[in-house]
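Take a look at the letters that make up each chain.
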2 protein chains.
Amino acid sequence: MSKTLAVSPLALPLPELPVVGGVRFATAEAGIRYRGRTDVLLADFAPGTTVAGVFTRNKCPGAPITWCRDILPRGSARGLLVNAGNANVFNGASGAAAVRASAVAAARALTCTAEEIFLASTGVIGEPMPAEKITSVTDGLAARLSPDGWRAAASAIMTTDTFPKAATRTTMIGSTSVRISGIAKGSGMIAPDMATMLAFVVTDAAIPAPMLQTMLVQAIEPTFNCITVDSDTSTSDTVLLFATGSAGNAPIAHTKDLKAFRLALLGVLHDLAQMVIRDGEGARKLIEITVTGAVSRRSARRVGLAIANSPLVKTAVAGEDANWGRIVMAVGKAGEPAERDRLAVAVGGVWMAREGRVVDGYQEAPVVTHMRGSEIKIAVDLGMGRGSAVVWGCDLTHGYIDINGSYRS
Amino acid sequence: MSKTLAVSPLALPLPELPVVGGVRFATAEAGIRYRGRTDVLLADFAPGTTVAGVFTRNKCPGAPITWCRDILPRGSARGLLVNAGNANVFNGASGAAAVRASAVAAARALTCTAEEIFLASTGVIGEPMPAEKITSVTDGLAARLSPDGWRAAASAIMTTDTFPKAATRTTMIGSTSVRISGIAKGSGMIAPDMATMLAFVVTDAAIPAPMLQTMLVQAIEPTFNCITVDSDTSTSDTVLLFATGSAGNAPIAHTKDLKAFRLALLGVLHDLAQMVIRDGEGARKLIEITVTGAVSRRSARRVGLAIANSPLVKTAVAGEDANWGRIVMAVGKAGEPAERDRLAVAVGGVWMAREGRVVDGYQEAPVVTHMRGSEIKIAVDLGMGRGSAVVWGCDLTHGYIDINGSYRS
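A quick note: this is a predicted structure, and the numbers were derived from the prediction, not measured. (Residues numbered from 1 in each chain as written. Chains lettered and ligands numbered in written order. Predicted model: local features only at pLDDT ≥ 70, side-chain atom pairs only at ≥ 80, totals over all residues. Heavy atoms only, no water.)

Before going further, it helps to spend a moment on the overall build of chain A. Across its full length, chain A carries 12 helices and 15 strands. For chain A, the spread of C-alpha atoms along the principal axes amounts to about 70 × 55 × 35 Å. Residues classed as buried in chain A amount to 62% of the 409 residues present. Sequence-distant contacts, at least 24 apart, represent 81% of the contacts inside chain A between residues at least 6 apart. (Helix = DSSP H or I, 4+ residues; strand = E, 2+ residues; numbered from the N terminus. Buried < 20%, exposed > 50% of the residue type's maximum accessible area, 1.4 Å probe, protein only. Contact = heavy atoms within 4.5 Å.)

The following block contains the structure:
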C-alpha cells in the first residue's frame, strides 16, 4: 500500500515481551508488495514443540490454510513462516506450489521436514504469489534467528494495521513458572467465524498437542470469535499456538493442573483480540456490547454481533448519537428469541428503554457525555433467559471507506 | 430532518400515473417532525376492496405493524393512513393507543370501521407518537380526496428518500383491462426479510383476498426480498396490496386467468424495489449480482446477499476497484455450499476468475471501464448445481456515513 495510515486513536502500546524459551525469530524485507519495511517472519521452535490451530470457516480459504490443516494432525512444529502483502488466496495450483516451495525452503534452512513448517499469508487476494521472493530469504533469516525478536515479528506481519499487537502472561503449571506470549495482526475483514485474523502464540510449557488444541478452541470462543470490525470473514484467518516445552514442567497429570494456564491463555487471546478491534479500519470508538437475558450464550452472542455489525448502529456511534432505536432494530433483526415488550437497552450504564418503551424521566445528558468518549458501552437485556455474552466492535467512519475504497491503489 | 439531501445520481423519474378506479388520495402537513412538507397520507378505497400484506420479520416491530397483522385476516380495506417522521416503534402501550386513535379518526372521516383502516408509520424509533397531530387532520384529508393524488402520495411518505417512487402497469384479466399502480419509500435500514420499506400498491381488479395474498407473497420474493442497502431490517417494513374491484372483471375462475396480472404485479414490485435501491443512502452505484450454479435458488440468493452486504465489496465498488478477491471472500463467508476450485467470478461480463484462480491472460482494462459506470454487474457461478438468483445492492460511500452519523440532529 502506498499511503501511510495514521495510528488508530484507540491504539495500545506494545507490552514488554520477555524471552519465551524454545522460540527464536527473524524478519526480512522480501519486497513482496511493500517497500521499505519487513514483510516476512520466520520463527524457529525447539525440537519437541507441540502445536494447536484454528482456521477460518470461509469456504474459499487461502492455500496456506489448506497446508496447515493438512499438517496440523501431526501435532508437532519446528517452524513458522509468515508473509504480508499477498494472501495467496484463489491462486489455484500455483498457490499450492508456492506454499510447498516456501515450506521446503524453510525446512531446509531450519533442518527439519516441510511438514513441520506452518505457513500463513496475508494481503491481497487473487494475485500470483511470488514464492521466489520468500525462498530467497529463508537461509538468511535462519542465520539471524534471535529469541528477542518479538517486537520485530509483530511488525513484519502487519498489513493495514496501524500499530503492532502483542500480549504476554506468566503463570504456573504445578511448581513451574511458564510464559505465554503472542502477536496478532488484523484490522479489516474481521468477523467471527474462527480466528478472524492472524495470531501466533508461543508458550514454553510442555503440553501435548491434543490438550493444547482443546484449550485453544475453548479460548477462541469468548475472545476472537466475539469481535467484529465489518462482518467480513477473511479467507486467511489463522490462530496457531505453539508449546515448546522449554520451561520443563512435569507432564500434565490432570487437566485441572492447567487451570491457571488456561486463564493466562484466555488473557493473552483477549488482549490480542482487543488490539485487533482497536485497530479496526477507520475506528475511532471501541464498542463493547453486553447481552444478558438471552435463551443461551450462543443466542446472546448472535444478538451482540447483530448490534456490532449493524451499519446503522455503527454510524450512530460514529456520530455520537445514542440512537437506541437502532439498537432495538438490530436486536429484532438478529433472528434470535426476543420480545419487544421485555427488552431493555442501556448506553453508558444508563437504562434508556425498558419493557418496550422509553424509561420514564429518561435524561439524555449523561448518555450524551458517554457517547463523546472513545469506549462506548451498550447493554441489552432480553428478559428471556440466563444466556449472556460480551462482544466488541467499532464505529463505522469515513476512515473505513477511505481505506477500503482504495486498498489496491 | 433539518438538512436537505442531494437527489441520488441513480434516481429515476416518476412515471405517468393514471387514475386507478376505486382509490382516492389526500395529503397534509401535520408537522409530526418535518416542517414545510406533507407528512400524512390518507387513501380511501371503494367498498368491497380486498387487501393483502407482508410485514417485517424484525422481532421488534412498530405498533402499526401489530395493528395491520391483527386486521389483515378480515381481508377487506376501506382506508390507508400513513405518516412520515415518527415510526411509532418501541412506544409501549402509548404506541398502541396512538395507533387506535389514528384508526378511529380515519374511520370516522371515511365512514367505516377502525378495523378497515390500514396504518403505516416511518421515521424515528422510540419517540412518543403525537397522535393528535394526525387525528386533527383526518377530517380535512377526507374532504380533499382525489383520484389524481398519486404523485403527492409518493412524496408525503418520504423520509431520507431523495426522490419519490412509483410504478404502474396495465394488463388484462380475461377481457377486462386492469391497472396496477404503486408507491414506495425507503433508502436506509433496507435488507431483505420481508418488505424492507413501505410500499402501497393498488389495482382496480376484483380479486379475492386469499388469492391476492398468495400472489403478493410470491412477487415479494424476487423483488423486495432481493434488495439490500445496509443489511439492517427495519422494524416498520410493510407492503400492502389493495384490489378495489372497480375494473369490473368477471370473478376469477382459475388462477391461470391471473397469469398476466401476476407478471404485471411482479413488474410493479420490481420497479419499486429498484427505485428503493437506487435511493440507497449515499449510493452512487447500483450493484446487480447474478448468482448461478448454486445448489438451490435460496442458496443463490443468500450468496448474492452476502456479496451485496459485504462492506469490503461495497467500498471496493465505491472506489471503482474490481477487487474480485473480496467477492471470493464474500462467497466463502456466506455459509452456503461452495467450493473454491469450482468458483467463477465476472465483473461487467468479463470472467476474471475460474476454477479457483485468475483467468489466463485476463485483461483488466474493460473491467476498469465498467467499474467507472453507475450500474455495476457482478456474476458468480458456483459450479455446484442449478440454483440461481439476482440481487441488487449499492455501494458504501461517505454519503451513507454523513446521513446516518447525524440522522437525529
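After presenting the structure, the write-up continues.
Applying the stated criterion across every chain yields a total of eight aromatic pairs over all chains. With a centroid separation of 4.1 Å and 25° between ring planes, the pair formed by F45 of chain A and F242 of chain A is classed as stacked. Of the two residues, F45 of chain A is situated in strand β2 (residues 40-45) and F242 of chain A in strand β9 (residues 238-243); the sequence distance between them amounts to 197 residues. Residue F45 of chain A shares its accessibility class with F242 of chain A, and that shared class is buried. A cation over an aromatic ring shows up here: R37 of chain A above the ring of Y34 of chain A, its NZ or CZ 4.2 Å from the ring centre. Taking the ring centre of F163 of chain B as reference, the NZ or CZ of K165 of chain B above it sits at 4.5 Å. (Phe/Tyr/Trp six-rings, centres within 6.5 Å; stacked < 30°, edge-to-face > 60°. Lys NZ or Arg CZ within 6 Å of the ring centre and 35° of its normal.)

The transform that puts chain B on chain A rotates by 180° and translates by 0.0 Å along the axis, for an RMSD of 0.0 Å. Viewed as a symmetry operation, the transformation between the two copies matches a two-fold axis. For chain B, the minimum C-alpha distance to the rotation axis belongs to H398 of chain B and amounts to 2.9 Å. (Least-squares fit on C-alpha atoms with pLDDT ≥ 70 in both.)

The next subject is the interface of chain B and chain A. Listed as interface residues are 58 residues of chain B and, on the opposing side, 58 residues of chain A. Across the chain B to chain A interface the summed buried area is about 4,800 Å²; carbon plus sulfur atoms make up 58%. At the junction of chain B and chain A, the tally comes to zero salt bridges. At the junction of chain B and chain A, the tally comes to 12 residue pairs in polar contact (both at pLDDT 80 or more). Put simply, the parts of the chain that give the side of chain B that touches chain A at least two residues each are α1 (63-71), α9 (311-318), α10 (324-333), β13 (357-358) and α12 (398-404) of chain B. For the side of chain B that touches chain A, the element with the most residues is α10 of chain B, which contributes seven residues. Considering only residue class, the side of chain B that touches chain A consists of 22 nonpolar, 22 polar and 14 charged. (Buried area = accessible area lost by both parts, 1.4 Å probe. Salt bridge = Lys/Arg side-chain N within 4 Å of Asp/Glu carboxyl O. Polar contact = N/O pair within 3.5 Å; in protein donor to acceptor, adjacent residues only side chain to side chain. Nonpolar A, V, L, I, M, F, W, Y, C, P; charged D, E, K, R; others polar.)

In this structure, A338 of chain B sits in the loop between α10 and β11 (344-347). The spacing of A338 of chain B and D204 of chain B is 134 residues in sequence and 46 Å in space, taken between C-alpha atoms. Apart from residues lying up to four places away in sequence, A338 of chain B is in contact with K59 of chain A together with V331 and M384 of chain B.

This brings us to helix α9 (residues 311-318) of chain A. Residues spaced three or four apart along an α-helix point in a common direction, a consequence of the helix completing one turn every 3.6 residues. All names here are of chain A. Among the eight residues of α9, seven are classified as buried, and the element is accordingly described as predominantly covered. Within the sequence span of α9, burial applies to P311, L312, V313, K314, T315, A316 and V317. Just past α9, the residue E320 takes up positive phi, approximately 60°.

On to the sheet that holds β11 of chain B. The strands making up a sheet are joined through hydrogen bonds of the backbone, oriented either antiparallel or parallel. Residues and elements named next belong to chain B. Taken in spatial order, the six strands make up an open sheet running β13-β12-β11-β14-β10-β15, and their pairing is mixed. Across the chains shown, the open sheet's two edge strands, defined by having one partner strand only, are β13 and β15 (387-394). In the sheet, β11 pairs with strand β14 (residues 375-381) via four bridges, with the strands oriented antiparallel. Bridge pairing in β14 links V345 to V380. (Pairing = 2+ DSSP bridges.)

Moving on, we come to the environment of R35 of chain B. Residues and elements named next belong to chain B. Residue position: R35 is located in the loop between β1 (23-28) and β2 (40-45). Judged by relative accessible area, R35 falls into the exposed class, the value being 61%. Considering only alpha carbons, one finds R35 and Y400, 365 residues apart in sequence, at a separation of 23 Å. A polar side-chain atom of R35 sits 2.9 Å from the main-chain carbonyl oxygen of G31.

Bringing the side chain of T203 of chain B into the picture now. Residues and elements named next belong to chain B. Secondary-structure assignment places T203 in strand β8 (residues 198-203). At 3.0 Å, the side chain of T203 forms a polar contact with the backbone nitrogen of A205. Once residues lying within four places of it in the same chain are set aside, the contact partners of T203 are V20, V178, R179, I180, F242, A243, T244, G245 and F261.

Moving on to the sheet that holds strand β1 (residues 23-28) of chain A. All names here are of chain A. Across the sheet, four strands lie side by side as β1-β2-β4-β5; this open sheet has mixed pairing. Across the chains shown, the open sheet's two edge strands, defined by having one partner strand only, are β1 and β5 (117-124). For this sheet the average axis-to-axis angle between neighbouring strands, irrespective of direction, equals 15°. Two elements, strand β4 (residues 79-86) and β5, share eight bridges in a ladder whose sense is parallel. The residue bridging V82 from the neighbouring strand is A120, located in β5. Along the sheet, helix α2 (residues 92-110) makes contact with β2, β4 and β5, crossing β5 at roughly 130°. (Axes fitted to C-alpha atoms, helices over the stretch in contact; angles between N-to-C directions.)

This next bit is on the confidence of the model for chain A. Of the residues in chain A, 94% have a pLDDT of 70 or more, and the chain-wide mean is 89. For the stretch residues 191-196 of chain A, pLDDT sits under 50, and the model shows 39 contacts to residues farther than four places along the chain or on other chains. (pLDDT = per-residue confidence, 0-100.)

Residue and element names in this part refer to chain A. Annotation of chain A at the domain level lists domain 1 (23-278) and domain 2 (286-404). Taken over C-alpha atoms, the centre of domain 1 sits 33 Å from the centre of domain 2. At the junction of the two partners, domain 1 supplies 15 residues and domain 2 supplies 14 residues. Both faces considered, domain 1 and domain 2 share a buried interface measuring about 1,200 Å² in area, 57% of it formed by carbon and sulfur atoms. Where domain 1 packs against domain 2, one counts two salt bridges. Counting every contact that joins domain 1 to domain 2 gives four residue pairs in polar contact (both at pLDDT 80 or more). Classifying every residue of the side of domain 1 that touches domain 2 by side-chain character gives six nonpolar, six polar and three charged. (Domains from an automatic or database assignment.)

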